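Geometric and topological summary
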Amino acid sequence: MDAADAGGDGGVPHLVFLPTPGMGHLIPLAEFAKRLVLHHRITATFITGDVFSKSQMALLDRLPRGIENVVLPDVSLDDVPSNAKAETVISVSAVRALPAVRGVLGELKKTTNLVALVSDLFGGFALEVAREFGIRPYIFFTTTGMSLSLFLRLPELDAQTSGEYRDLPDLIRLPGCIPLHGSDLLDPIQDRKNEAYTWLLRQSSRYRLAAGIFLNSFEGLEGGAIRALTADPGNPTIYPVGPLVRNGGEESDRDSSGCVAWLDEQPRGSVLFVSFGSGGTLPLEQLTELALGWRRAGSGSSGFVHSSNDPFAFLPEGFVERTKRLGLVVSSWAPQVKILRHESTGGFLTHCGWNSSLESVVHGVPMIAWPLYAEQKMNAVLLVEDVKVALRPRTGEDGIVGRGRWRK
Ligand SMILES: O=c1ccn([C@@H]2O[C@H](COP(=O)(O)OP(=O)(O)O[C@H]3O[C@H](CO)[C@@H](O)[C@H](O)[C@H]3O)[C@@H](O)[C@H]2O)c(=O)[nH]1
């Protein structure tokens, strides 16, 4: 879509972006908005909520002029069970926020040349609202073409399948994609009785209402999937706009952790960077095996990142002290893009979040795939078996990757 195509009767075309909370969604959506505003005659409003974290709001505050942010009051989730899965919580919040979203759209319709709404992958319900206001509804899909293919086929797959997908005897063949075991499909569809599954089904069945879907991937990486998605006349227009990754020059990437200064001192290609994204955690037993395996590896060094409030408390006693010369442990947010593009970094042990995967591919860093949740197992299959830019550690019968398997 370009500015001319956006149409409207006068004034700079204005877009509304509707992200759900979570850095993995916000970072690429913000990157997309930034490029549209800087390279096209477009202005934009992000609609967020009180529930967005400080660092998420800071990221939006740093966007260029021409991008505003409207913060909606929190919706009540008192009736949502405390053990509800993230996909349920996000979908319920998204639906309950719709009246307030309508209010903002109504105002923007009066004051701007509002032409389109772009929501992230949980935005199925907002597509209908955009149509109510006579503006074009788009999805920005923050992960792979392979996952998008699954989302678009989920209603069909649901109708054809009884029982759980993980018990299907045959591989699942999404068009143009490497075949998958049912157990590799994304986590929230692994239990079809769980509400999270019903919500994803409801979300994905609305995808065909979209005027188009922006996909954060590219043909050089997922040629088969993207060609099949674009060739299917039943799909909305697919725009493969990836890889949309930050360049490492952002304020959020400043080196308060000392990572870059430490990397400057290490030999070229010698460092393994370990990070499980903005929300990944490991069971204590696995974290201990990983830490001890790393120490046993001896030569080579690691940046080790963990996103808990007090990650050091989870490491084996004395670990930080004993590994001081071997590597660096960072307690919170690390300047990941700066680390990946540093010449000392030779590998990345990652949870296979799609932004991390793209950042690694863009900077030519081979990966060790350690998927944890969401669609990460699917991403791992793609990276290991199809694109062949990652290896996968062997898991023992107890589901743990032992320290020996970590040896160089
Ligand atoms: O210390 C840190 C930790 C993370 N990041 C950045 O945060 C983003 C993390 O994104 P991603 O790698 O995609 O992980 P998640 O935040 O876990 O992403 C969620 O959203 C992704 C996109 O939909 C999905 O692929 C994942 O499975 C889902 O968990 C990346 O840009 C990282 O560079 C940092 O800069 N520093």
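Because the structure is a prediction, the values reported are computed rather than measured. (Residues numbered from 1 in each chain as written. Predicted model: local features only at pLDDT ≥ 70, side-chain atom pairs only at ≥ 80, totals over all residues. Heavy atoms only, no water.)

Overview of the state of the cysteines
What counts, and what does not: For this text, the term disulfide refers to a pair of cysteine sulfurs within 2.5 Å.
All chains considered together, the criterion is met by zero disulfides. Cysteine Cys177 shares no disulfide, and the gap to the nearest cysteine sulfur, in Cys352, comes to 16 Å.

Concerning the side chain of Glu87
Spelled out, the test is: Here a strand is any run of E in DSSP of at least two residues, a helix any run of H or I of at least four, and the numbering for each starts at the N terminus. Using a 1.4 Å probe on the protein chains alone, a residue whose accessible area is under 20% of its type maximum counts as buried, one over 50% counts as exposed, and one in between counts as partly exposed. The convention is simple: Lys and Arg are positive, Asp and Glu are negative, and His and the chain ends are not counted. A carboxyl oxygen of Asp or Glu within 4 Å of a side-chain nitrogen of Lys or Arg is what we treat as a salt bridge. Here a residue-residue contact requires only that any non-hydrogen atoms of the pair lie within 4.5 Å.
Note on placement: Glu87 falls in helix α4 (residues 86-96). Despite its burial, Glu87 pairs with no opposite charge, the nearest such side chain being Lys85 at 6.1 Å. The contacts of Glu87, once residues within four sequence positions are left out, are Phe122, Pro188, Ala196, Trp199 and Leu200.

Some thoughts on the packing of aromatic side chains
Threshold: Pairs were defined over the aromatic rings of Phe, Tyr and Trp, the Trp ring being its six-membered one, requiring ring centres within 6.5 Å. Orientation was assigned from the angle between planes: stacked under 30 degrees, edge-to-face over 60, tilted for the rest.
Per the stated rule, a full pass over the model turns up 13 aromatic pairs. Considering the side-chain rings of Phe17 and Phe32, the 6.3 Å spacing of their centres and the 85 degrees angle between planes classify their relative orientation as edge-to-face. With Phe17 in strand β1 (residues 13-18) and Phe32 in helix α2 (residues 23-39), this pair connects stretches of sequence that are 15 residues apart. You can call Phe17 buried: its relative accessible area is 1%. Residue classification places Phe32 among the buried positions, given a relative accessible area of 7%. Measuring from ring centre to ring centre gives 6.0 Å for Phe276 and Trp370, while their planes differ by 75 degrees; the resulting arrangement is edge-to-face.

Observations concerning the nonpolar core
This is how the line gets drawn: The term nonpolar core refers to a set of buried residues drawn from Ala, Val, Leu, Ile, Met, Phe, Trp, Tyr and Cys, joined through side-chain atoms within 4.5 Å. All domain edges in this entry derive from an automatic or database-based domain assignment.
One finds Phe141, Leu148, Ile189, Tyr207 and Ile213 to be the most contacted residues of the largest nonpolar core, which totals 58 residues. Looking at this core, the element that brings in the most residues is helix α7 (residues 145-160), giving seven residues. Mapping this core onto the domain boundaries places at least three of its residues in each of domain 1 (14-240) and domain 2 (251-391). Contact partners of Leu148, with chain neighbours within four places excluded, come to Phe141, Tyr207, Ile213, Leu215, Leu229 and Ile238. In this structure, Leu15, Phe46, Met57 and Leu59 belong to the second largest nonpolar core, which totals 27 residues.

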